[in-house]
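What follows is each chain in one-letter form.
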Amino acid sequence: MILLGIDIGTSGCKITAIDECGHILDEGFAEYETSHPQPGWAEEDPEDWCVAVRGILAGLKERGTVDFADIAAIALDGSTHNAVLLDGEMKVVRPTIMWTDQRAVAESAELNGVHGEAVFGTAYQMAAPTWTLPQMLWLQRHEPDALARTSHVMFVKDYVRYRLTGEWCTDTIEAQGTLFFDMARKQWSPELCGLAGIPLDILPPLVSPTDVVGKVTAGGAAEFGLPVGIPVVCGCSDSAVEGYAAGAVEPGSCILKLATAGNVNVMTDRPVPHPKTLTYSHVVPGMWYTVAATNTAARAQRWFRDHFCAAELAEAERTGRSVYAIMDDEAAQSPLGADGLFFHPYLQGERAPYWDPQLRASFVGATMRHTHADFVRALLEGVVFSLRDCFRTVEEMGLPVTEFRLIGGGAKSALWTQIVADVFGYPIIVPQGCDASFGSALLAGVGVGVFADERSAVQQCLKEGDPVSPAPERHARYQKLTSLYYRIHDVLADVYHDLGTL
């Protein structure tokens, strides 16, 4: 029996096939591009997601490690806040505005200034450019023809699932990522939709993440190379499912995420809305989690790789090693603190704790003695400092934290993991072989009855390595550096704002 999890992330797609014991049978990954047609904008072509899924599935089939006839169920997850607009013939109207997009600054400020109490009281979130509501309000004002042509709204995973099954729906966790959802009533809010002039009937029907919502159709089978009739489970947002997959299924567990974005997610037994955080319900019924997030984490590393690591990319091509492993080796040659060089990862503005789309990334403190290795290490450290900055909000809220679990592509780096432990000053648990696609595979099993419930699936399938412990002397040093990191932000924030007016 095989369970298939499909993760449509911000930067790429990963598919994982597992058995009922959680053993990974095979997995594949493919990147796709995010376009930036104007500064601060971020858009993706939904067709690219489908191309990636097709390519990965073809690779699994070619390797022969997964017998597609044995696939018992499929579930999908995806990055959230991203509305796919479709016309009456289910054709994509325009590229999807991604959650990293910052164009809806004015709309967000207006929503908070005029309707802030109603928005926060209903949706448990403050408006920011990352949310679908301000994005749709921007479209209403700048591209009204696009909205006039829109008959159906989907979200990332839902669009790919529609191509598989022909069914149109979304789950209640995904809906929470729109700012159109009434958290208390668990339904779309006519009042919030009205703020952007969005008719309720263009929003998808709501289901639970573990509901079977369809089967692979003949058309889906032909497009993706899968057998007809495989049950397809709805799934949910990548943020919800990846924390679940990592074993954060009890209050007090804290997820630290080093992926495209960086997250600090604290599990709770009730919703705890706060103006500086995001609030979502958990995959496990009755649980919630609070999110403080930085916009750019491993995405900053990829950006640096693409623009400043030609030699490392060439070495990776020549040797077959991962370019990130080569970059880690280089960073390890730089001392703790990168010899006084700091990086602030505000490449797409910033969310927690500042919620400031005008912030800009910067390297600060460079001198003639600094080397390429120092810049690589400063980037790794700067992203972790940003996570620690997010955690300050969690501390201000007084949320209890009993453990830290590190997830995301950055968790594969022993150096980056050690930096996390040393900056936070706590042991870091690194679950093995778990990510969003693994979590979706577990949800697929829950949906078709392979597992009794969500917690049982994790308890049966999750594997963990030994915790990575901090060194007291390194933690003490990082505490001083983290304070400097905060001060640099405070001093430069006004400069970044002025840059944004140029």
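## Some remarks on the overall build of the protein
Tallying secondary structure elements over the protein gives 17 helices and 24 strands in all. For the protein, the C-alpha radius of gyration of 22 Å lies close to 23 Å, the compact-globule estimate for 502 residues. In terms of principal-axis extent, the alpha carbons of the protein reach across some 60 × 55 × 45 Å. With an accessible surface of roughly 18,500 Å², the protein has 53% of that area assigned to carbon and sulfur atoms.

## A short note on the sheet that holds strand β13 (residues 212-215)
Strand order in the open sheet made by the 6 strands is β3-β2-β1-β5-β14-β13, with mixed pairing throughout. Only two strands of the sheet have a single neighbouring strand rather than two, namely β3 (24-31) and β13. Between one strand axis and the next, the sheet turns by 20° as a mean value, whatever way the strands run. One ladder, built from 7 bridges, connects strand β1 (residues 2-8) with strand β5 (residues 71-78); its direction is parallel. The residue bridging Ile8 from the neighbouring strand is Gly78, located in β5. In this fold helix α9 (residues 238-245) packs onto β1, β5 and β14 (231-237), with an angle of close to 100° to the strand it touches most, β14.

## Regarding the pairing of strand β16 (residues 262-268)
For β16, the tally of buried residues reaches 7 of 7 residues, placing the bulk of the element in the interior. Side-chain alternation along β16 places Gly262, Val264, Val266 and Thr268 on one buried face and Asn263, Asn265 and Met267 on a second face that is also buried. Examined bridge by bridge, strand β15 (residues 253-258) and β16 share 5 bridges and lie antiparallel to one another. Across the sheet, the residue bridging to Lys257 is Asn263, located in β16. Between the antiparallel neighbours β15 and β16 lie 3 residues. Pairing of β16 with strand β18 (residues 288-294) involves 7 bridges; the strand directions are antiparallel. Across the sheet, Asn265 pairs through a bridge with Val291, a residue of β18.

## A look at α9
Where burial is concerned, most of α9 is hidden: 8 out of the 8 residues are buried. Within α9, burial applies to Asp238, Ser239, Ala240, Val241, Glu242, Gly243, Tyr244 and Ala245.

## Overview of the nonpolar core
Within the largest apolar cluster, 73 residues are counted, with the highest numbers of intra-cluster contacts made by Leu85, Met136, Val153, Phe180, Ile198, Tyr244 and Leu442. Among the elements that make up this core, the one with the highest residue count is helix α15 (residues 436-447) (7 residues). Discounting chain neighbours no more than four positions away, the residues touching Leu85 are Lys91, Val92, Val93, Arg94, Met136, Leu139, Leu147, Thr150, His152 and Val153. Formed by 56 residues, the second largest nonpolar core is a distinct cluster that contains Leu380, Leu387, Val420 and Phe424.

## Things to note about the packing of aromatic side chains
For any pair of aromatic rings, the description consists of the separation of the ring centres together with the inter-plane angle of the planes. If you walk through the whole model with that rule in mind, you get 20 aromatic pairs. Positioned above the aromatic ring of Trp41, the side-chain terminus of Arg103 is 3.7 Å from the ring centre. Above the plane of the ring of Tyr486 lies Arg392, whose end atom (NZ or CZ) is 3.7 Å from the centre.

Thresholds applied
- Along each chain, the written sequence defines residue order, and numbers are assigned to residues from 1.
- Local features in this predicted model are restricted to residues whose pLDDT is 70 or higher, and side-chain atom pairs enter the listing and the counts only when it is 80 or higher, whereas totals over whole chains, interfaces and linings include all residues.
- Calculation of side-chain values draws on the structure's entire complement of heavy atoms; hydrogens and water are dropped beforehand.
- Think of it this way: any DSSP run of H or I at least four residues long counts as a helix, any run of E at least two long counts as a strand, and we number them from the N terminus.
- Throughout, radius of gyration means the C-alpha value; the globule benchmark is 2.2 Å times the number of residues raised to the power 0.38.
- For the area figures, the Shrake-Rupley method with a 1.4 Å probe applies, and any residue is considered shielded solely by the protein chains shown.
- In short, DSSP must find at least two bridges between two strands for them to pair.
- For helices, the fitted axis covers only the stretch in contact; all axes are lines through C-alpha atoms, and the angles between them, taken along N-to-C directions, range from 0 to 180 degrees.
- The contact rule is simple, with two residues in contact once any of their heavy atoms fall within 4.5 Å.
- When a residue's accessible area, from a 1.4 Å probe over protein chains only, is under 20% of the maximum for its type it is buried; when over 50% it is exposed; and in between it is partly exposed.
- What we call a nonpolar core is a set of buried Ala, Val, Leu, Ile, Met, Phe, Trp, Tyr and Cys residues that are connected through their side-chain atoms within 4.5 Å.
- Whether two aromatic rings pair depends on their centres lying within 6.5 Å, for rings of Phe, Tyr and Trp, where Trp uses its six-membered ring; planes under 30 degrees apart make the pair stacked, over 60 edge-to-face, and the rest tilted.
- In this scheme, Lys NZ or Arg CZ marks a charge over a ring once it lies within 6 Å of the ring centre and within 35 degrees of the ring normal.

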